Amino acid sequence: LVFPVADGDAGVAAAARAVISVTDPLRARKIPFNVIFLQHRVVIILRAREREITSFFSQCKLASVHYCGTFLLDAQEEYEAANAESAVGALRESSLTQQEADKVLAELSECAEC
C-alpha cells in the first residue's frame, strides 16, 4: 500500500489519517505490518507472521521492524553476513503476497467493527 504525502501541513495530516485508517484495523486484527516513510510517500507492507523465519535468516526470526533501513537480527553470524540482497529477499519472503494482501484488505473493508 502506498499513500502519497502532499506538501504542507494539510498534506501530511491527510496522509496520516489515511495511514491510520488502515493500520488501526490491522492492529486490531493482529496482522503484522511495516510502515516505511519515504520522501513523499508512506508505504505499508503487510507481513506473514508464520514466514518471519526466512531462508535468508534461518537461525532467527526476522525482526521486520526496521529503523532507518537497519534490520534487527539476534544471530550474530547472520547479522554480519547480511547485505541488501538478503534484506530484500527476506522482506519478500516474510511479506504477504499481493493476493494475500488483497484478501486481507477486502476483509477489512467489509468489517463494520474494524
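Rules and cut-offs
- Residues numbered from 1 in each chain as written.
- Predicted model: local features only at pLDDT ≥ 70, side-chain atom pairs only at ≥ 80, totals over all residues.
- Heavy atoms only, no water.
- Helix = DSSP H or I, 4+ residues; strand = E, 2+ residues; numbered from the N terminus.
- Expected span 1.5 Å × (residues − 1).
- Buried < 20%, exposed > 50% of the residue type's maximum accessible area, 1.4 Å probe, protein only.
- Salt bridge = Lys/Arg side-chain N within 4 Å of Asp/Glu carboxyl O.

A. Looking closely at helix H1 (residues 8–28). The end-to-end C-alpha separation of H1 is 30 Å, in line with the 30 Å expected for 21 residues at 1.5 Å each. Those residues of H1 that fall on the buried side of the exposure criterion are Gly11, Ala15, Val19, Val22, Thr23, Pro25 and Leu26.

B. Highlighting the pattern of salt bridges. Enumeration over the complete set of coordinates arrives at three salt bridges. For the salt bridge of arginine 27 with aspartate 24, the shortest nitrogen-to-oxygen distance reads 2.5 Å. One end of the pair, arginine 27, and the other, aspartate 24, are both in helix H1, three residues apart, so they sit about a helical turn from each other. A salt bridge links arginine 51 to glutamate 100, with the nearest nitrogen and oxygen atoms 2.9 Å apart. Placement of the pair is arginine 51 in the loop between strand E3 (41–46) and strand E4 (63–67) and glutamate 100 in helix H4 (residues 98–110), with a sequence separation of 49 residues. We classify glutamate 100 as partly exposed; its relative accessible area is 29%.

Fair warning: the whole summary comes from geometry, so function is off the table for now.
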